[in-house]
Amino acid sequence: MRWREALSPVAMERVAVVAPRSALRDTLVVVGDAGTVEIDAPPSTEPPVPGSAGARLQRLPVRPAAPSLSAVSPDLDECEARGRTDLIAGEAELEERAARAVAEGRVVALVGWTPREALRPLADRLATVGAAAVPLTVPRGVQPPTLLTERGTSHEMAPLVRTYATVPYADVDPSLMAGLAYVVMFGMMFADAGHGTLLLAAGLVARSGAWAPLARLRSVWVFLVGAGAASVVFGVLYGEFFGPTGVLPVLWLAPLEHPVPLLGVAVAAGAVLLAGAYALGTVNRFREGGWRNAVYAPSGLAGATVFLGLGLLAAGIYLDVSWITALAGLVAAVGLAAAYTGLLVGAGGGAGGAAQAAVELVDLVVRLGSNVVSFARLAAFGLTHAALGAVVWEATSSLWGQGLAAGLAAVLVFVVGNTLTFALEGVVAAIQALRLEYYELFSRVFDLEGRPFQPWHVPTEVAP
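First things first, this report covers the structure right here in the doc. Keep in mind the model is a prediction, meaning the values are calculated, not measured. (Residues numbered from 1 in each chain as written. Predicted model: local features only at pLDDT ≥ 70, side-chain atom pairs only at ≥ 80, totals over all residues. Heavy atoms only, no water.)

## Thoughts on helix H15 (residues 350-374)
Thinking step 1. With 25 residues, H15 should reach 36 Å at 1.5 Å per residue; the first-to-last C-alpha distance of 35 Å fits that figure.
Thinking step 2. Looking at H15, one finds that the buried residues are Gly353, Ala357, Leu361, Leu364, Leu368, Asn371, Val372 and Ser374.
Thinking step 3. Looking at the packing, one finds that the buried side of H15 touches helix H12 (259-296), helix H13 (301-319), helix H14 (322-347), helix H16 (377-399) and helix H17 (404-445). (Helix = DSSP H or I, 4+ residues; strand = E, 2+ residues; numbered from the N terminus. Expected span 1.5 Å × (residues − 1). Buried < 20%, exposed > 50% of the residue type's maximum accessible area, 1.4 Å probe, protein only. Contact = heavy atoms within 4.5 Å.)

## Considering H16
In an α-helix, one full turn covers 3.6 residues, which means residues spaced three or four apart are oriented alike.
Thinking step 1. Counted at 1.5 Å a residue, the expected span for H16 with its 23 residues is 33 Å, and the 33 Å between its end C-alpha atoms agrees.
Thinking step 2. Inspection of H16 places Leu378, Ala379, Gly382, His385, Ala386, Gly389, Ala390, Val392 and Thr396 among the buried residues, and these make up the whole buried set.
Thinking step 3. As for H16, its buried residues are in contact with helix H8 (175-189), helix H9 (193-208), H12 and H17.
Thinking step 4. Positive backbone phi, approximately 85°, marks Gly401, located one or two places after H16.

## Quick word on the pattern of salt bridges
Thinking step 1. For the structure shown, the criterion picks out 16 salt bridges.
Thinking step 2. Arg116 is the partner of Glu13 in a salt bridge, and the nearest nitrogen-oxygen pair spans 3.3 Å. Here Glu13 is found in strand S1 (residues 12-20), whereas its partner Arg116 is found in helix H6 (residues 116-127), with 103 residues between them in sequence.
Thinking step 3. Classification of Glu13 as buried rests on a relative accessible area of 17%.
Thinking step 4. Given a relative accessible area of 46%, Arg116 falls into the partly exposed group.
Thinking step 5. Connected via shared salt-bridge partners are Glu93, Glu96, Arg97 and Arg100. (Salt bridge = Lys/Arg side-chain N within 4 Å of Asp/Glu carboxyl O.)

## Section: the pairing of S1
Thinking step 1. For S1, a buried count of 7 out of 9 residues is recorded, marking the element as mostly surrounded by other parts of the structure.
Thinking step 2. Here 9 bridges tie S1 to strand S4 (residues 107-115), and the two strands are oriented antiparallel to one another. Residue pairing for S4: Ala16 is matched across the bridge by Val111.
Thinking step 3. Two strands pair when backbone bridges link them, and S1 and strand S5 (residues 132-136) are joined in this way by 5 bridges, in the antiparallel orientation. Within S5, the position partnered with Val17 by the bridge is Ala133. (Pairing = 2+ DSSP bridges.)

## Regarding the packing of H14 against H15
Thinking step 1. For the pair H14 and H15, the least separation of the axes is 8 Å and the interaxial angle reads 135°. On the basis of their axis angle, the class for H14 and H15 is oblique. Like other packed secondary-structure pairs, H14 and H15 cross with a definite hand, here right-handed. Where H14 approaches H15, its residues Leu336, Ala339, Tyr340, Leu343, Leu344 and Ala347 are matched on the opposing element by Gly353, Ala354, Gln356, Ala357, Ala358, Glu360, Leu361, Leu364 and Val365.
Thinking step 2. Of the residues assigned to the contact of H14 with H15, the class counts are 12 nonpolar, 2 polar and 1 charged. (Axes fitted to C-alpha atoms, helices over the stretch in contact; angles between N-to-C directions. Parallel < 35°, antiparallel > 145°, perpendicular 65-115°, else oblique. Left-handed = near helix turned anticlockwise from the far one by under 90°. Nonpolar A, V, L, I, M, F, W, Y, C, P; charged D, E, K, R; others polar.)

Listed below in structure tokens is the structure:
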């Protein structure tokens, strides 16, 4: 799969399904069985015609779980007598879609959306019943529905984005980048090579489905494997293997001995992630509304410039270099001016709009500072994990070598302590990484919300 396809929603085509009036049912059977067309127009609010499948469906005590269609029009009386509620439900859905068709003489048409790559196979199937699928020009101002790619790693990580919002069709699909950011943040907070190995193994077992309790986690196996691998990497850097057991040497720093440098690294990592979110947000604002939107949007280039200016200001003060501080002031001023212009236009202008834009501009600056500092939790929860591991290991060490009973107690303390640490810190790290992803990063990536692609799919019953 090409990288551009992985970073964009599936290309959609506006399509008209055209058929002779006499072939409408056969056409809808093909469309329903293909399951690749989202038909326009809301469902009818008119009551179903007496004797129709829709009216019969309303009489059923329990709605069928899986509607199906027959290749030929079924006898509804016979279906009801035989208890073929699935066929009745399928005919009811077909009747409802048929009511949306636009008729002109002996020709009827249904308008909707389909993935571009599905258009040719759909047209070939429709040709067998005398119908056709005709591409249409997308009306100005109409946003196509969004279907994220169903192949590759991006698909595996899409639930992380889908839980937050539906990606607008014009936007870049951030699933892969968001997933990578998530597992890195998780690994920094859950930094232990032993715990990470267990998590990685759990992900692989979940993917294989070999053990029923973990098989239920198959849909998130890639997150388990990625988070476990990241935890192993940071655990190796910190020298943590089921706590500070000495099994691994410290390759970078010991968290409990160097909390301040770890805090600085966490904030720096947050700044890098925020810069990436602003870059992606700027691209999305351009794709949504052109260069003006990209330049003046607070989540676009204007906000990115303010962020850059504040970063330069911090660097200038820390390094005590006056020209960097002066440059920071100039960059921040340009960004603030652009952001204020965008906020003023969005507020509608006038005195009230000017006041509203000023308040929102102050909020933008304040939130920037709080957002960067918020990433300090990457270090804070990493320190908590290390502290819990140290407590368990110290208790284990103090008991070991004091006799058989004490030795058994040491093993029990080690196992139970690590089990509790694994469970507690795993939940905390997962929640905190998700919180940083949604509140600090996605708030800049997304400015609009799309709508999901919802094709009509009712399979055709295979004749015995």
